[in-house]
Amino acid sequence: MRMNTIATLLFMAGIASPALATDGYFAHGYGMKAKGMGGASTAMAIDAFGGANNPASMVWTGDRFDVGLDLFSPRRSAERSGAAAPGAGYAGINGSADSGSKLFFVPEFGYNKMLGWDMSAGVTVYGNGGMNTDYPGGQIPGNTACGGFSPTATPTSTYNLLCGNGNLGVNLEQLVVAPTFAMKVNKDHSFGASVLLAYQKFKAEGLDGFWQYTQYGPPGTAANWANNNNLTNRGHDSSFGYGLRLGWMGKVSDTVTLGATYTTKTKMGKFDRYKDLFPAQGYFDMPASLNLGIAIKTTPKLTLAADFQRIDYSGIRSIANPSTNTGNSTAATGFITGSLGCDSCRGFGWGSVSVFKLGAEYQYNPKLLLRAGYNHTDNPIQGRDVTFNIVAPGVVKDHVTLGFTYDLSKDSELTMAYMHAFRNSVEAPSLFTTWLGAAGGTEKITMYQNSLGIAYSRKLK
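Everything in this summary refers to the structure shown in the same document. (Residues numbered from 1 in each chain as written. Predicted model: local features only at pLDDT ≥ 70, side-chain atom pairs only at ≥ 80, totals over all residues. Heavy atoms only, no water.)

## Let's talk about the packing of aromatic side chains
Move 1: The full count for this structure, using the stated rule, is 20 aromatic pairs.
Move 2: Plain terms: the ring middles of Tyr25 and Phe26 are 5.8 Å apart, the flat faces sit at 70 degrees to each other, and that makes the pair edge-to-face.
Move 3: Since its relative accessible area comes to 1%, Tyr25 is described here as buried.
Move 4: Judged by relative accessible area, Phe26 falls into the buried class, the value being 8%.
Move 5: Each ring, one from Tyr25 and one from Tyr313, has its centre 5.4 Å from the other, and the planes form 45 degrees; the classification is tilted. Of the two residues, Tyr25 sits in the loop between helix H1 (3-14) and helix H2 (32-36) while Tyr313 sits in the loop between strand E11 (302-311) and helix H4 (317-320), which places them 288 residues apart along the sequence. The pair Tyr25 / Tyr313 is uniform in exposure class, with both members buried. (Phe/Tyr/Trp six-rings, centres within 6.5 Å; stacked < 30°, edge-to-face > 60°. Buried < 20%, exposed > 50% of the residue type's maximum accessible area, 1.4 Å probe, protein only. Helix = DSSP H or I, 4+ residues; strand = E, 2+ residues; numbered from the N terminus.)

## Notes on the pairing of strand E1 (residues 64-81)
Move 1: The buried fraction of E1 amounts to 13 of the 18 residues, a majority that puts the element mostly inside the structure.
Move 2: Strand direction decides the pairing type here: E1 and strand E3 (residues 104-114), joined by nine bridges, are antiparallel. Bridged to Arg64 within E3 is Asn112.
Move 3: The pairing of E1 with strand E16 (residues 442-459) spans 18 bridges and is classified as antiparallel. (Pairing = 2+ DSSP bridges.)

## Re the side chain of Thr401
Move 1: Take Thr401: it is sitting in strand E14 (residues 398-407).
Move 2: The exposure class of Thr401 is buried, given its relative accessible area of 3%.
Move 3: Setting aside residues up to four positions removed in sequence, Thr401 forms contacts with His28, Lys35, Gly36, Met37, Gly38, Ala372, Gly373, Tyr374, Tyr418 and Met419. (Contact = heavy atoms within 4.5 Å.)

## A few points about the nonpolar core
Move 1: In terms of nonpolar packing, the biggest core is built from 69 residues, with Phe202 and Phe210 touching the most fellow members.
Move 2: Contacts of Phe202, omitting those with residues within four sequence positions, involve Val170, Asn171, Leu172, Gly235, His236, Asp237, Phe271, Tyr274, Leu277 and Phe278. (Core = buried A, V, L, I, M, F, W, Y, C linked by side-chain atoms within 4.5 Å.)

## Description of the environment of Asn186
Move 1: Inspection of the secondary structure puts Asn186 in the loop between strand E5 (169-184) and strand E6 (189-205).
Move 2: Sequence separation between Asn186 and Gly250 is 64 residues; the distance between their C-alpha atoms is 9.7 Å.
Move 3: Within the structure, Asn186 has its side chain in polar contact with the backbone nitrogen of Asp188 (distance 2.8 Å).
Move 4: One polar contact links the side chain of Asn186 to the main-chain amide nitrogen of His189, over a distance of 2.8 Å. (Polar contact = N/O pair within 3.5 Å; in protein donor to acceptor, adjacent residues only side chain to side chain.)

## Section: the side chain of Ser430
Move 1: When you line up the elements, Ser430 lands in the loop between strand E15 (412-429) and helix H5 (432-436).
Move 2: At 2.9 Å, the side chain of Ser430 and the backbone nitrogen of Phe432 are in polar contact.
Move 3: Excluding anything up to four places from it in sequence, Ser430 contacts Arg80, Thr387, Gly440, Gly441, Thr442 and Glu443.

## Some thoughts on the environment of Phe422
Move 1: Examined against the element boundaries, Phe422 turns out to sit in strand E15.
Move 2: Along the sequence, Phe422 and His399 sit 23 residues apart, while their C-alpha atoms lie 6.3 Å from each other.
Move 3: Sequence-distant contacts of Phe422, defined by excluding residues within four places in its chain, comprise Val396, Asp398, Val400, Met447 and Tyr448.

## A closer look at the state of the cysteines
Move 1: If you walk through the whole model with that rule in mind, you get two disulfides.
Move 2: Disulfide pairing places Cys146 opposite Cys163 at an S-S distance of 1.9 Å. Its S-S torsion of about -60 degrees marks the bond between Cys146 and Cys163 as left-handed, since a negative value means left-handed. Here the residue Cys146 occupies a position in the loop between strand E4 (119-129) and E5, and Cys163 occupies one in the loop between E4 and E5, the gap between them amounting to 17 residues. For the pair Cys146 and Cys163, a shared accessibility class is recorded, and that class is buried.
Move 3: With a sulfur-sulfur separation of 2.1 Å, Cys342 is cross-linked through a disulfide to Cys345. Between Cys342 and Cys345, the S-S torsion sits near 100 degrees, and that sign places the bridge as right-handed. (Disulfide = S-S within 2.5 Å.)

So, in structure tokens, the structure goes:
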């Protein structure tokens, strides 16, 4: 494969705008074949996405490249009800909104080259995302307690669901380029390693209602806000980082293959423009994870696969710190200056999740391979943290998938995959009850998803 073609495909993958929020903010699978099997892929050597799934698999896949595009459609909504008015002449801060940004194109790319019979080198390019929302503002009228939150409030202001001005939302995109080396240690077992070269970008809008909880909070002024705002509406900020994924794959019998991977925490630079939002002054690392998998060829035509995955969101303070942390605050409630941005300050409260993936692959005829799968993940968000996660409602738990691969020729194939993530919600009392000293009502965040993808693959020998 010519190097300029590889560079072009890497560029195509690099312009991805992931909006994934399936297994937390990890995709339910990487590579269109894995996506058709519920993400079960740790013990499967089926394409050049080993850099994302299992580096040890690449030495079994031969010379090939895979390039695809997923059309991803998440539907997010948030509402608050039952909030009482804090006094005469005021209204409660009730409201609801649906997030915009409902359609995303997510490219994928993988390439592998055999170095003799027992070694391979390749690259996988993939993305993570999911903390992506875009709610319109104006749900809450001006005659509410929201007027005491924003540093730029006016008598005619209306507010978004978090008492800020204008549109409300965040966008997190993570791109990983994974150069991969794999080696067979004998005819049945292999080991592999991928260096994870990561890039991420983030922006937030409409969070100025949290201004008083940063280190520059009350008695804040509009001028102080303008000079020291590292909380919201600063445009995109970006950072780079690195990590490592190690993998093993073993054929323990003629019909059973096992696989295992461990991915280190990916250390990322910090978001300076948002150092007053995230704990640890803007650092946002990618979590470590562990994968175990089995694939069983039950008949010459049918293969069943299962994966267990553990994603350590709780090891990343920027997303794991509970939203109830007091940080550097001195008051008992902590909802005052200094409760955002520090190491022990408020975060989104995401917990680590366990993911179970089941997949089936059936050779319907010599040209057509059918797939189906199921993926179940824990919900990383507790009711305690529902308020903060209005902007990051990664709450879906159950996914079903379908897919197929059709041979176009002896060297090329077309793959498609469909995924539906069922609607799920988290509902709990609002943190505004503490902030306002009056009933803040109950909040509910909801999400469901659909995706449809297509990929082209070519064997190079």
